[in-house]
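# Structural overview
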Amino acid sequence: MSAQECTRCAAGSYSLGSGVRFDQWDSMPAGFSSLATSLDNGPHADDTLTCNSSSWVPQGNYVESNRDECTVSLIYSVHLKKQGSVSFEYQYPDNNLLFEFFIQNDQCQEMDQTADKKWLKLTNHGEWATHMVNLKSGTNILYWRTGGVLMGSKVVKPVLLKNVQIEGVAYTSECFPCKPGTFSRVPGSSACAPCPRDMHSGHGASSCTPCNTTTQYAPEGSGACKDRPPCSRKDYFQIHTACDSDGKTQIIYKWIEPKICLEGVDGAQTLPPGGEREPCPPCNPGFYNNDTATCSPCPPGSYSDGTKACERCPAGTEPTLGYEYKWWNVLPANMKTSCFNVGNSKCDSMNGWEVAGDHIQSGAGGSDNDYLILNIHIPGFKLPTSISSSSGTEFGRITFEFETVCRADCELYFMTDVNRKSTTVVESWEGSKSRQSYTHVMTKNASVSYTWAFQRTNQASDVRRYVHDVARIYSISVSNALDGQSSECRACALSSLPSGSLCVPCPAGHYIDPRSSQCTECPPNTHLVSHVTLGPDACRPCGPASKSDQGHSLCYSDCQFTHTEGNLTLSFDFSLLGSVGTLMNGPSFTSKGTKYFHQFNISLCGGEGRMARCSDNVTDLSVSDSQSERGEAGVAVKTFICQSTIIPASGRGLHTALSSQSINLADTFLGATVESALDGIRARPELFPQTARKVPDVNFYYRSLEATSSCESGRSAVLTLRCDPERSGQGQLTVPSQCPAGTCDGCTFHFLWEGSGACPTCTEGDFHKIEGACKGGHQDLLYVWTEPKLCRGGVSLPERRTLPCESVDFWIRLGIGLGAFAAALLVSLTCYFWKKNKRLEYKYSRLVMSANKECEMPGADSCAVMEGEENEGEMEDEVVYTKPSLLGKLKAIASKGNGDNYENVQLNSSHPKALIWS
């Protein structure tokens, strides 16, 4: 400054001129601070104290973010004399963590930043990305902020940050010395270079000093030499040699490079001898060896099972393209392997995986926390010619068989990178896993890289303690790979050309008839499964109450459902519920007290055009508008039912609510029924108790084809529709109270959708008629719904009607007349039989009197009065008889009712023939 001119820095130091660089993180550099945001939304008051220990941690060459879910900011304030920039390198491998970089001025106002500058993109495992943002002159406060949501015991992968460089500060008045392990040989350097392997340097060095390699060693960029340890089992590994000219291979052992151990000292182990030479395994399907030591791919249009020579596909067939690796003599040409460690470069030149005959296994690595990476690249997918690309959502699938044997907390990752944008972890397995198979379906036609990464432990360590923890992959098969080989030929639809051997594509929804080699459309209400065998079996029937779309690519509900029970038929129209329904349950709280919600989007009816969509808006924000227009958005799920985790704006100190961790719960509709089970999925009515109602619940069953480590057959979902006339419109979606996350076992999700839209269509049996009284010659007819009303739409209620009526109806008068006639007839018959009865009673009385006379007994012929002798007998016997009148008879009847049960008969014994009747 005294000479007012710029001077070169001396050797052993460096300067950026008008900038500063932070590349040494043994401790937190001056000016940097780590601040944990207090959580004020937890369910308990002490949750605000749980983040005091969370911070960014220096790790030598880089600084590492916290591994928990606390929101922690790395802050640096800088004053720029002119417009400048800030750049840094970072690793951001875990989308369960939110990572943003933003800038504030000295008034704590956030600078304007586009979304793709604020939200950082995910990086591949083991790769560093560079991010740069322009800065304005004046004070700039830089924030690197992370925050996550842990809903399980799994620890997130932290964000790593290094080489922070800021341009635009005041001209420096001093040079920075090179840190240990680096040097600058010439004056005027803008950076220091690391020392080569087996060399070291001190603070501010202009050159590196070699180590005594006989007893010492030094990794690249070391500040001191280290003593070589005795060799042990951890310093060598075994490999299979490639096939020689005799078709033989053997197991040999090699030192892990670079070799740092000593052999000729006490306790040191020597390298074991190689194994016996054995015959090489056969070639993989689609390859042949042609009596040579190497396997070559079959020419296009031919096939081989790996043991026979390649043959041309016969006429009327086409080769099935793909890869099927089950023998591992050499690494396939389209596969690569590497080793990476975020903290050091010990294993950069090592193979991450080694072939081992019938499997490929993870290599030794340089340290236990290395990422051992295996990668296969597929440039694209090609469906068989006879299958239209619109026949379904599956373009190809990868299936691999693996196992892990671990003593530590190892983890195997399976990742995909579509169109070389960002790597996404599809599934991961922790700890030892028995031999099992996993399948991933590719739903878009794009280039994709499949990556396996194995890490023995995520704890940083320079010592190899778990070198014998391994992951083994026994077979890998990829279907419909664009550059794949063929192990067999399949029948195809023939063209009408005279040669008859050219295959033609079938229209959407058509399968190949192997007998006629013709395209045949799938029957109605079936969907085409492209990866199954040829013939009618490729058309799978849709489930109950479902139909297929025009291209037979999927089954869906058209919102119509009919249920018959006995003589009663209920018809349902779920159109009111047909649009996408949204349910947000919660709130829930993590172990740190962070509030989050689960949001479910559900599409009840409709095919591909009416699917539910869930997206990670953090990823979407980091995608430019032009990419979004091309459909290259980030993580987005489009299916029948999907789930996202919502972090509210107040929950993390963020300005907007964030959606992340979108998963697919249901990409296949199995059918709708009132039964409690379908295709192995069971509904649980006890989760949604209800009062007794005549309308049964309708269950919609779904399944997701993506298997997970905990759900081997994929996730499934049961959506129960319940009639509730009190809820109008789209009704209400709920989850079981016992399972607030929507699932009780993590695999089967249960939902209840209540509303009037789930009620059956009204029919004439749902209302009845009420007849009013006849007033003024008119009568009202009313129609009312049967209560409670459990229907909607359909037949409407008839209007009120008024009908003419008469004062006395004809039938009433006719009935009165017939009743009067019947009464008169009954009275007449009663009188007739009563009179006749009295006569018989009189005759009986005479017989009794004649039988009780004290004089001589009458003759046999005079015991009774024969008919026709009545008048004659009366005259002879001189009976005094007075015929009673009608009034007298009635009096007699009355007297009988007063207790006179018998008639009084007086006999005059002085005159035998004189009878007096009283």
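Residues numbered from 1 in each chain as written. Predicted model: local features only at pLDDT ≥ 70, side-chain atom pairs only at ≥ 80, totals over all residues. Heavy atoms only, no water.

## Points about the overall build of the chain
What the chain contains, in helices and strands, is 6 helices and 64 strands. Nonlocal contacts in the chain, meaning residues at least 24 apart in sequence, comprise 67% of its contacts between residues at least 6 apart. Carbon and sulfur atoms form 51% of the exposed surface of the chain, whose accessible area is close to 47600 Å². (Helix = DSSP H or I, 4+ residues; strand = E, 2+ residues; numbered from the N terminus. Contact = heavy atoms within 4.5 Å. Areas by Shrake-Rupley, 256 points an atom, 1.4 Å probe, with all protein chains shown as cover.)

## Brief notes about the packing of aromatic side chains
One pass over the full model with this rule turns up 40 aromatic pairs. When the centroid spacing of 5.6 Å and the interplanar angle of 40° are considered together, the rings of F640 and Y702 count as tilted. Here F640 is found in the loop between β50 (636–639) and β51 (641–647), whereas its partner Y702 is found in strand β56 (residues 698–703), with 62 residues between them in sequence. Owing to a relative accessible area of 1%, F640 belongs among the buried residues under this scheme. In this structure Y702 comes out as buried when scored by relative accessible area, which is 0%. Cluster of aromatic residues (ring-pair linked, three or more members): F22, W25, F32, Y76, F88, Y90, Y92, F99, F101 and W144. Over the face of the ring belonging to Y474 we find R435, whose NZ or CZ atom lies 3.7 Å from the ring centre. (Phe/Tyr/Trp six-rings, centres within 6.5 Å; stacked < 30°, edge-to-face > 60°. Buried < 20%, exposed > 50% of the residue type's maximum accessible area, 1.4 Å probe, protein only. Lys NZ or Arg CZ within 6 Å of the ring centre and 35° of its normal.)

## Some details on unusual backbone geometry
Excluding glycine, most residues fall at negative phi; most peptide bonds, likewise, are trans. For the bond from E787 to P788, the omega torsion is -5°, close enough to zero to count as cis. Located in the positive-phi region is D198, a residue other than glycine, with phi close to 65°. With respect to the secondary-structure elements, D198 resides in the loop between β14 (193–194) and β15 (199–200). Looking at D198, the relative accessible area reads 22%, which means it is partly exposed. In the Ramachandran plot, N480 falls in the positive-phi region, its phi being about 60° despite a non-glycine side chain. Of note, N480 is situated in the loop between β37 (470–479) and β38 (485–491).

## Looking at the pairing of strand β40 (residues 518–521)
As defined by bridge partners, strand β39 (residues 510–513) adjoins β40 across 4 bridges and the pair is classed as antiparallel. Bridged to H510 within β40 is E521. Here β39 folds back onto β40, and the loop between the two strands holds 4 residues, one of which, S517, carries a positive phi near 55°. (Pairing = 2+ DSSP bridges.)

## As for the confidence of the model for the chain
Looking at the chain, the pLDDT average stands at 79 and 81% of residues meet or exceed 70. Scored below 50 in pLDDT, residues 624–633 shows 9 contacts in the model against residues more than four places distant or in partner chains. (pLDDT = per-residue confidence, 0-100.)

## Remarks on the sheet that holds strand β53 (residues 668–673)
Strand order in the open sheet formed by 5 strands is β53-β56-β57-β59-β58, with mixed pairing between adjacent strands. Each edge of the sheet is formed by a strand with only one pairing partner; in this case those strands are β53 and β58 (732–734). Averaged over all pairs of adjacent strands, the angle between strand axes in this sheet comes to 20°, irrespective of strand direction. Pairing of β58 with strand β59 (residues 748–755) involves 3 bridges; the strand directions are antiparallel. Looking at β59, one finds that Q732 is bridged to E754. (Axes fitted to C-alpha atoms, helices over the stretch in contact; angles between N-to-C directions.)

## Regarding the pattern of salt bridges
Under the criterion given, the structure shown has 13 salt bridges. One salt bridge connects D244 with R277, and the closest N-O pair in it is separated by 2.4 Å. You can see D244 sitting in the loop between β19 (236–240) and β20 (248–249) and its partner R277 sitting in the loop between β21 (251–255) and β22 (278–279), a full 33 residues away along the chain. Two residues, D780 and R800, come together in a salt bridge whose shortest N-O distance is 2.7 Å. With D780 in strand β61 (residues 778–785) and R800 in the loop between β61 and β62 (801–804), the pair connects residues that are 20 residues apart, well separated along the chain. Looking at D780, the relative accessible area reads 26%, which means it is partly exposed. You can call R800 exposed: its relative accessible area is 57%. (Salt bridge = Lys/Arg side-chain N within 4 Å of Asp/Glu carboxyl O.)

## Looking at a nonpolar patch on the surface
Side chains of F821, L825, L829, Y832 and F833 sit close together on the surface and give an oily, nonpolar patch of about 550 Å² of accessible area. For L825, the location among the structural elements is in helix α4 (residues 810–851). Residue classification places L825 among the partly exposed residues on the basis of a relative accessible area of 44%. (Patch = residues over 30% accessible without salt bridge, like charges linked within 9 Å, V, L, I, M, F, W, Y side chains within 5 Å.)

## Regarding the nonpolar core
Membership of the largest hydrophobic core comes to 43 residues, with the highest contact counts inside it found for W353, I378, Y450, W452 and I476. In contact with Y450, other than residues within four places in its own chain, are L374, N375, I376, I378, F381, I398, F414, M415, T416, H440 and M442. Of all hydrophobic cores here, the second largest spans 36 residues; its members include A672, F700, L721 and F749. (Core = buried A, V, L, I, M, F, W, Y, C linked by side-chain atoms within 4.5 Å.)

## Focus on the sheet that holds strand β60 (residues 767–771)
Spatially, the 3 strands line up as an open sheet ordered β60-β61-β62, and their pairing is antiparallel. Unpaired on one side and paired on the other, β60 and β62 mark the two borders of the sheet. The sheet shows a mean angle of 25° between the axes of neighbouring strands, taken without regard to direction. Bridge count between β60 and β61: 5 bridges; the pairing is antiparallel. Among the inter-strand pairings, F767 is bridged to a residue of β61, identified as W785.

## Points about the state of the cysteines
For the structure shown, the criterion picks out 17 disulfides. With its sulfur 2.0 Å from that of its partner, C298 forms a disulfide with C310. What sets the handedness of the C298 and C310 disulfide is the S-S torsion sign, and at about -80° it is left-handed. Linking C298 in the loop between β24 (296–297) and β25 (302–303) with C310 in the loop between β25 and β26 (311–312), this pair joins segments that are 12 residues apart in sequence. Across a sulfur-sulfur distance of 2.1 Å, C559 and C605 are joined as a disulfide pair. Handedness of the C559-C605 disulfide follows from its S-S torsion of about 120°: it is right-handed. Of this pair, C559 sits in the loop between β44 (555–556) and β45 (560–565) while C605 sits in the loop between β48 (595–603) and β49 (612–615); the two residues are 46 residues apart in sequence, bridging distant segments of the chain. Judged by its relative accessible area of 4%, C559 falls in the buried class. Assessed through its relative accessible area of 1%, C605 is described here as buried. (Disulfide = S-S within 2.5 Å.)

## Section: the side chain of R228
Tracing the sequence through the fold places R228 in the loop between β18 (226–227) and β19. Buried and without a salt bridge, R228 has D198 as its closest oppositely charged side chain, separated by 4.3 Å. Within polar-contact distance, the side chain of R228 engages the backbone oxygen of T213 at 2.9 Å. Looking at R228, its side chain comes within polar contact range of the main-chain oxygen of K259, at 3.0 Å. Dropping the residues within four chain positions of it, R228 is found in contact with D198, T213, T214, T215, Q216, Y217, K259, I260, C261 and L262. (Lys, Arg positive; Asp, Glu negative; His and termini not counted. Polar contact = N/O pair within 3.5 Å; in protein donor to acceptor, adjacent residues only side chain to side chain.)

## Brief notes about the environment of T590
Mapped onto the secondary structure, T590 falls in the loop between β47 (580–589) and β48. Overall, the relative accessible area of 8% leaves T590 in the buried class. Along the primary structure T590 and E69 are separated by 521 residues, whereas in three dimensions their C-alpha atoms are 8.6 Å apart.

## Here's the deal with the side chain of T526
Mapped onto the fold, T526 is located in strand β41 (residues 526–528). Sequence-distant contacts of T526, that is, excluding residues within four places in its chain, are made with C539, R540, P541, C542, S548 and H552.

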